[in-house]
Amino acid sequence: MRYAAIIYLILMNLIGLFLMGLDKSKAKRHAWRIPERTLFLASLLGGSIGTWAGMYLFRHKTKHWYFVVGMPAILVMQIVAAILIWNQLA
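All of the points below concern the structure found in this document. Numbers given for residues are sequential positions, taken from 1 along each chain in its written order. Two thresholds apply to this predicted model, a pLDDT of at least 70 for residue-level local features and 80 or more for giving and counting side-chain atom pairs, whereas whole-chain, interface and lining totals are computed over all residues. Heavy atoms from the whole structure form the basis of all side-chain values; hydrogens and water molecules are not counted.

Describing a nonpolar patch on the surface
For clarity, the cut-off: Within the patch definition used here, like charges are joined within 9 Å and nonpolar side chains (Val, Leu, Ile, Met, Phe, Trp, Tyr) within 5 Å, considering only residues with over 30% relative accessible area and no salt bridge. Each accessible area is a Shrake-Rupley estimate made with a 1.4 Å probe; only the visible protein chains count as cover when residues are assessed. Whenever Lys or Arg places a side-chain nitrogen within 4 Å of a carboxyl oxygen from Asp or Glu, that contact is recorded as a salt bridge. Helical segments are the DSSP runs of H or I of at least four residues, strand segments are the runs of E of at least two, and each set is numbered from the N terminus.
The grouping of Tyr3, Ile6, Ile7, Ile10, Leu11 and Leu14 at the surface amounts to a nonpolar patch, some 660 Å² of accessible area in total. Within the secondary structure, Tyr3 sits in helix α1 (residues 2–28).

The structure is reproduced here in structure tokens:
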């Protein structure tokens, strides 16, 4: 069960990172963009580290306060939830 959770989190973080890179690429080309709601959803579903890393790796959405505050807040909430779940399973 734990291995499945780890694999899931790795995949979600790769997806979050990919989405941030893709959206930045589309922004440069003035193409159709990925909705911000989708970026936050990827983060909420476990991809917060990848999405947050993508913000700074691609220099994307770093001037939007709701991303600068929201992504780390989601990560902190997920860490707290993971600790609580881990302690319940131990």
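There's more to say after this.
Topic: the packing of aromatic side chains
To keep it simple, the criterion reads: Aromatic pairs are defined between Phe, Tyr and Trp rings, using the six-membered ring for Trp, whenever the two ring centres lie within 6.5 Å; interplanar angles under 30 degrees are classed as stacked, those over 60 as edge-to-face, and all others as tilted. Under the scheme applied here, a residue whose accessible area is under 20% of the maximum for its type counts as buried, over 50% as exposed, and between as partly exposed, the area being computed with a 1.4 Å probe on protein chains only.
Per the counting criterion, the structure on display carries three aromatic pairs. Taken together, a centroid distance of 4.6 Å and an interplanar angle of 40° make the contact between Phe40 and Phe67 tilted. Of the two residues, Phe40 sits in helix α2 (residues 36–57) while Phe67 sits in helix α3 (residues 65–89), which places them 27 residues apart along the sequence. In terms of burial, Phe40 and Phe67 fall into one category: buried. Summarising the aromatic geometry, the rings of Tyr66 and Phe67 are spaced 5.5 Å apart at their centres and angled 50° between planes, so their arrangement reads as tilted. Taking the relative accessible area as the measure of exposure, Tyr66 reaches 29% and is therefore partly exposed. Ring pairs connect the aromatic residues Phe40, Trp65, Tyr66 and Phe67, which therefore count as one cluster.

Topic: the side chain of Lys61
Quick note on the threshold: Side-chain atoms alone can form a polar contact between residues adjacent in sequence; in general such a contact is a pair of N or O atoms within 3.5 Å, and within protein one must be able to donate a hydrogen while the other accepts it. Here a residue-residue contact requires only that any non-hydrogen atoms of the pair lie within 4.5 Å.
Note that Lys61 resides in the loop between α2 and α3. Here Glu36 takes part through its side chain, which lies 2.9 Å from a polar atom of the side chain of Lys61. Beyond its immediate stretch of four places on either side in the chain, Lys61 contacts Met20, Asp23, Arg33, Glu36, Leu39, Met55, Phe67 and Val68.

Observations concerning the nonpolar core
Heads up, the rule is: Only buried Ala, Val, Leu, Ile, Met, Phe, Trp, Tyr and Cys residues count toward a nonpolar core, and they belong to the same one when joined by side-chain atoms within 4.5 Å.
Counting residues in each nonpolar core, the largest one holds 10 residues, listed as Leu19, Met20, Ile34, Leu39, Phe40, Ala42, Met55, Phe67, Met71 and Ile74. Secondary structure elements with two or more residues in this core: α1, α2 and α3. With four residues, α2 is the largest single contributor of residues to this core. Ignoring any residue separated from it by four or fewer positions in sequence, one finds Met55 in contact with Met20, His60, Lys61, Thr62, Phe67, Val68 and Met71.

Concerning the pattern of salt bridges
Counted by the stated rule, this structure contains two salt bridges. With a closest N to O distance of 3.0 Å, Asp23 and Arg33 form a salt bridge. On the criterion of sequence distance, the pair formed by Asp23 in helix α1 and Arg33 in the loop between α1 and α2 is long-range, its members being 10 residues apart.

A few points about the side chain of Ser43
Following the sequence through the fold, Ser43 ends up in helix α2. For Ser43, a relative accessible area of 0% gives the class buried. With residues up to four places along the chain from it excluded, the contact list for Ser43 reads Ser48, Thr51, Met71, Ile74 and Gln78.

Scope: geometric values only; no functional claims are made or implied.
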